[in-house]
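Spelled out from the first residue to the last, the chains are:
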Protein chains: 2
Amino acid sequence: MTPAETVAAFITAIEEKRIADAVALAHPDISYENVPIKPITGRDGLTKTLEMFLGSASEVEWRIDAQHVDGNRVINERMDRFKIGDSWLELPCAGFFDVDEDGLITLWRDYFDMDTYQRQMSALSDQS
Amino acid sequence: MTPAETVAAFITAIEEKRIADAVALAHPDISYENVPIKPITGRDGLTKTLEMFLGSASEVEWRIDAQHVDGNRVINERMDRFKIGDSWLELPCAGFFDVDEDGLITLWRDYFDMDTYQRQMSALSDQS
């Protein structure tokens with residue numbers, strides 16, 4: 001698989017909430033960096049964070065609005081959408097992924113505005 | 001100038017607080033999008049926003065940690081640093097710039113965490 005194919009398979013697994021399949025595409029020492037918070041290293045931390053992000057959503061759609069590839073790096077602008085109750089939480093993200101020669105993701109860094117996430121999560125959780 | 005050179009000149013002008021020189025590299029109808037807040041269209045809005053961001057800083061350094069070019073698009077991971085009083089405010093950003101054939105920036109979209117900015121700005125303003 002090319003780096004772009006690896007990232008596409010990773011995101012599809014996340015959308016289908018197949019967390020183990022997503023994590024299998026991550027290097028054991030992956031650096032998973034949500035920029036507003038502390039970076040996480042390794043598959044266990046990645047698994048727990050994905051469970052946390054996906055847990056409250058009945059559906060998940062991460063729409064790729066633009067994608068760029070530079071060597072082993074894949075960059076995307078995404079709209080990460082989570083269905084909570086009857087409504088969709090929408091979070092614009094800029095994602096940077098590095099993929100090694102074995103097709104494993106060694107770095108995943110997402111830039112986003114935490115308050116944009118928390119404000120919607122709080123409103124939708126109150127509603128449901 | 002190549003798109004990368006245009007973006008480099010734009011960022012250097014910002015660091016040197018030569019706002020008019022920066023804005024001259026922007027298309028008159030530039031879409032300037034700080035993702036956590038509402039997009040701005042045009043040079044006047046760009047000027048006002050840059051004045052606001054740069055106004056309280058005695059020094060400005062926007063460190064480019066990684067840069068990628070895909071056709072007329074330039075992408076960078078930056079650490080935007082603003083010296084406020086005796087301390088530096090540091091804001092990690094992912095920037096996406098589109099540059100047209102005349103070497104003018106038609107789109108500037110920055111992903112960052114607003115709270116990371118506001119929390120530091122508030123602490124440093126109290127201090128000074």
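Residues numbered from 1 in each chain as written. Chains lettered and ligands numbered in written order. Predicted model: local features only at pLDDT ≥ 70, side-chain atom pairs only at ≥ 80, totals over all residues. Heavy atoms only, no water.

This part covers the overall build of chain A. Looking only at helices and strands, one finds four helices and six strands in chain A. The N-to-C order of helical and strand elements in chain A reads α-α-β-β-α-β-β-β-β-α. For 128 residues, the compact-globule estimate of 2.2 N^0.38 gives 14 Å, and the C-alpha radius of gyration of chain A, at 14 Å, lies within 12% of that figure. Taken over the C-alpha atoms alone, chain A extends approximately 45 × 30 × 25 Å along its principal axes. In chain A, which comprises 128 residues, the share counted as buried stands at 51%. Taking contacts inside chain A between residues at least 6 apart in sequence as the whole, the part at least 24 apart equals 50%. As presented, chain A carries roughly 5900 Å² of accessible surface, and 48% of it is formed by carbon and sulfur atoms. (Helix = DSSP H or I, 4+ residues; strand = E, 2+ residues; numbered from the N terminus. Rg over C-alpha atoms; globule rule 2.2 N^0.38 Å. Buried < 20%, exposed > 50% of the residue type's maximum accessible area, 1.4 Å probe, protein only. Contact = heavy atoms within 4.5 Å. Areas by Shrake-Rupley, 256 points an atom, 1.4 Å probe, with all protein chains shown as cover.)

This brings us to the relation of the copies chain B and chain A. Note on the copies: chain B fits chain A at an RMSD of 0.0 Å, the axial shift is 0.0 Å, and the rotation between them is 180 degrees. Given the turn and translation reported, the copies of this chain are related as if by a two-fold rotation axis. For chain B, the smallest separation between a C-alpha atom and the rotation axis is recorded for aspartate 113 of chain B, amounting to 2.0 Å. When the interface residues of chain B are mapped onto chain A, 100% of them again lie at the interface, so the same face is used by both copies. (Least-squares fit on C-alpha atoms with pLDDT ≥ 70 in both.)

Before going further, it helps to examine the sheet that holds strand S1 (residues 26–34) of chain A. Residues and elements named next belong to chain A. Pairing within the open sheet is mixed, and its six strands lie in the order S2-S1-S6-S5-S4-S3. The open sheet is flanked by strand S2 (40–41) and strand S3 (59–70), the only strands paired with a single partner. Direction of pairing for S3 relative to strand S4 (residues 73–84): antiparallel, over a ladder of 11 bridges. If you follow glutamine 67 over to S4, its bridge partner there is asparagine 76. (Pairing = 2+ DSSP bridges.)

Mapping arginine 73 of chain B onto the fold places it in strand S4 (residues 73–84). Residue classification places arginine 73 of chain B among the buried residues on the basis of a relative accessible area of 9%. A polar contact of 2.8 Å, which involves the side chain of arginine 73 of chain B, links it to the side chain of aspartate 98 of chain B. Apart from the residues within four sequence positions on either side, arginine 73 of chain B is in contact with Ala66, His68 and Glu77 of chain A together with His68, Phe96, Phe97, Asp98, Leu107 and Arg109 of chain B. (Polar contact = N/O pair within 3.5 Å; in protein donor to acceptor, adjacent residues only side chain to side chain.)

Our next topic: the sheet that holds strand S1 (residues 26–34) of chain B. Pairing between the strands of a sheet comes from backbone hydrogen bonds, and it takes one of two forms, parallel or antiparallel. All names here are of chain B. Strand order in the open sheet formed by six strands is S2-S1-S6-S5-S4-S3, and the pairing between neighbours is mixed. Bordering the open sheet on either side are strand S2 (40–41) and strand S3 (59–70), each of which pairs with just one other strand. Pairing analysis gives six bridges linking strand S5 (residues 87–99) to strand S6 (residues 105–111), with the strands arranged antiparallel. Within the sheet, the bridge partner assigned to glycine 95 lies in S6 and is aspartate 110. The strands touched by helix H1 (residues 3–15) within the sheet are S3, S4, S5 and S6, with S3 carrying the most contacts at an inclination of about 170 degrees. Packing against the sheet, helix H4 (residues 114–127) makes contact with S4 and S5, and its axis sits at approximately 145 degrees to S5. (Axes fitted to C-alpha atoms, helices over the stretch in contact; angles between N-to-C directions.)

So, about H4 of chain B. Residues and elements named next belong to chain B. For H4, spanning 14 residues, the distance from its first C-alpha to its last is 20 Å, which sits close to the expected 20 Å at 1.5 Å a residue. Taken together, the buried positions of H4 are Met114, Thr116, Tyr117, Met121 and Leu124. End-on, the buried residues of H4 take up no more than an arc of 160 degrees, which puts them together on one face. Away from its buried face by more than 90 degrees, H4 exposes Asp126 and Gln127. For H4, the secondary structure elements touched by its buried residues are helix H3 (43–55), S4 and S5. (Expected span 1.5 Å × (residues − 1). Arc of directions from axis to C-beta.)

Residues and elements named next belong to chain B. Within this structure, the stated rule accounts for 18 aromatic pairs over all chains. Measuring from centroid to centroid gives 6.3 Å for phenylalanine 82 and tyrosine 117, while their planes differ by 80 degrees, and the two rings are edge-to-face. Linking phenylalanine 82 in strand S4 with tyrosine 117 in helix H4, this pair joins segments that are 35 residues apart in sequence. Side by side, phenylalanine 82 and tyrosine 117 carry an identical accessibility label, which is buried. On the numbers, 5.7 Å between centres and 15 degrees between planes, the contact of phenylalanine 97 with tryptophan 108 is stacked. On the criterion of sequence distance, the pair formed by phenylalanine 97 in strand S5 and tryptophan 108 in strand S6 is long-range, its members being 11 residues apart. Here phenylalanine 97 falls in the buried class, since its relative accessible area comes to 0%. (Phe/Tyr/Trp six-rings, centres within 6.5 Å; stacked < 30°, edge-to-face > 60°.)

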